[in-house]
Amino acid sequence: MHTRDLIQFLSELSENNNRAWFVMNKPRYDILRAEFLDLVTGLIADISRFDPLVAGCNPKKALFRINRDMRFSRDKSPYKTTFSAAITASGLKKPSQGGGPAYYFHIDANGVLLVAGGEYMPPPSRLKTIREHVVADAAGFTRMLKNKKLKERYGDLQDEGKLTRPPKGYDADAPHIEYLKRKSFIVWTETSIKKKVPADLGKEVLAGFKDAYPLVAWLREAK
């Protein structure tokens, strides 16, 4: 896809986040979104080679809408300034819908490519299930964290929103307590591609997803 054109479009949108500008530039958006859909379609096919469970994911449903939900937000900007997609085995991309672990990526207005795998801020019932799985499968959780490719690319699980105290029902000396304090079980990397666009963006994203697969697979076992 024309990645530089996408970054330029998103950059202009961030400076002109209003309906009039968007309507004037809708033809540009339509072309870029079609290209992004092609990218996601190819990614689903490629991911299914090492993770067959995502083969049935609908690429159109994997894409996030560019329109923002402003109902409960102080920010009344009508449009998101990212192109993003979440690929899941269930075909549902939102944690609140029970989408489960996802392969997620986006490109933003600053030309930053984010590639992620796992579950971001799952609802309380799902978070409880994951925490229980950490306790029940402590050895498996440790092995997953030590996976060479996962560790080399991502380091550790993200700790955004991490609790300062153990969650209710867990002792301070419980195994993996620092992970039990997390509200997300996800890894991600961010790379600036504004000045140096990857020769094959799909290949770059796919490599990140493949390295995140051990976490995705482990999370699927949490039931």
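Structural data are supplied above this passage.
In this text the structure is predicted, and so the values were computed from the model without any measurement.

A. Fine view of the packing of helix 1 (residues 3–15) against helix 3 (residues 26–47). Close contact between helix 1 and helix 3 brings their axes to 10 Å; oriented N to C, the two are set at 135°. The pairing of helix 1 with helix 3 is recorded here as oblique in orientation. By crossing handedness, the relation of helix 1 to helix 3 is classed as left-handed. Residues Asp-5, Leu-6, Gln-8, Phe-9 and Glu-12 of helix 1 form the contact with helix 3, whose own contacting residues are Arg-28, Tyr-29 and Leu-32. For the contact of helix 1 with helix 3, the class distribution of residues is 4 nonpolar, 1 polar and 3 charged.

B. Expanded view of the nonpolar core. Core analysis: the largest hydrophobic core is formed by 58 residues, its most contacted members being Ile-87, Phe-105 and Phe-209. Look past the residues within four positions of Phe-105 in its chain and what remains in contact with it is Phe-36, Leu-39, Val-40, Leu-43, Phe-83, Ser-84, Ala-85, Leu-113, Leu-114, Val-115, Val-205 and Phe-209.

C. Looking closely at the environment of Tyr-29. Its place among the elements puts Tyr-29 in helix 3. Sequence separation between Tyr-29 and Gly-99 is 70 residues; the distance between their C-alpha atoms is 27 Å. Not counting residues within four places of it along the chain, the set of residues in contact with Tyr-29 comprises Phe-9, Phe-22, Ile-66 and Phe-83.

D. Main features of the side chain of Thr-3. Tracing the sequence through the fold places Thr-3 in helix 1. Exposure remark for Thr-3: the relative accessible area of 4% places this residue in the buried category. Residues contacting Thr-3, with those up to four places away along its chain left out, are Ile-107, Ile-193, Val-197 and Leu-201.

Definitions and cut-offs
- Residues numbered from 1 in each chain as written.
- Predicted model: local features only at pLDDT ≥ 70, side-chain atom pairs only at ≥ 80, totals over all residues.
- Heavy atoms only, no water.
- Axes fitted to C-alpha atoms, helices over the stretch in contact; angles between N-to-C directions.
- Helix = DSSP H or I, 4+ residues; strand = E, 2+ residues; numbered from the N terminus.
- Parallel < 35°, antiparallel > 145°, perpendicular 65-115°, else oblique.
- Left-handed = near helix turned anticlockwise from the far one by under 90°.
- Contact = heavy atoms within 4.5 Å.
- Nonpolar A, V, L, I, M, F, W, Y, C, P; charged D, E, K, R; others polar.
- Core = buried A, V, L, I, M, F, W, Y, C linked by side-chain atoms within 4.5 Å.
- Buried < 20%, exposed > 50% of the residue type's maximum accessible area, 1.4 Å probe, protein only.

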